[in-house]
Amino acid sequence: LKEKDRALDREIAQLLSEGYSVEELEKHISLLHEYNEIKDAGQMLLGKLAVIRGVTTKQLYPEYDLELND
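Residues numbered from 1 in each chain as written. Predicted model: local features only at pLDDT ≥ 70, side-chain atom pairs only at ≥ 80, totals over all residues. Heavy atoms only, no water.

## Structural notes on a nonpolar patch on the surface
Logical step 1: A grouping of Ile12, Leu16 and Val22 is seen on the molecular surface, where their side chains present a nonpolar patch of about 240 Å² in accessible area.
Logical step 2: Its place among the elements puts isoleucine 12 in helix H1 (residues 2–17).
Logical step 3: Classification of isoleucine 12 as partly exposed rests on a relative accessible area of 43%. (Patch = residues over 30% accessible without salt bridge, like charges linked within 9 Å, V, L, I, M, F, W, Y side chains within 5 Å. Areas by Shrake-Rupley, 256 points an atom, 1.4 Å probe, with all protein chains shown as cover. Salt bridge = Lys/Arg side-chain N within 4 Å of Asp/Glu carboxyl O. Helix = DSSP H or I, 4+ residues; strand = E, 2+ residues; numbered from the N terminus. Buried < 20%, exposed > 50% of the residue type's maximum accessible area, 1.4 Å probe, protein only.)

## Focus: the pattern of salt bridges
Logical step 1: Across all of its chains, the model carries three salt bridges by this definition.
Logical step 2: Between glutamate 3 and arginine 6 there is a salt bridge, and its shortest N-O distance comes to 3.3 Å. Within this pair, glutamate 3 and its partner arginine 6 are both found in helix H1, separated by three residues, close to a single helical turn.
Logical step 3: Two residues, glutamate 63 and arginine 53, come together in a salt bridge whose shortest N-O distance is 2.6 Å. Here arginine 53 lies in helix H2 (residues 22–53) and glutamate 63 lies in the segment after helix H3 (57–60), a separation of ten residues in the sequence.

Structure follows, in structure tokens:
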């Protein structure tokens, strides 16, 4: 754990030396969490719609201009 802590400290120091700020990194992390929550909700809705229509979620992707890696 101590080695992992030191490695993380080195990574943080490197990011700071590259011009990133802690606040900026925290904002990006927050936005990623928000994005993931929204994406999860969308996937859940697609899943429910697929069940209602009796199709797979994959079959709904073209209808909503989604790609499988979305």
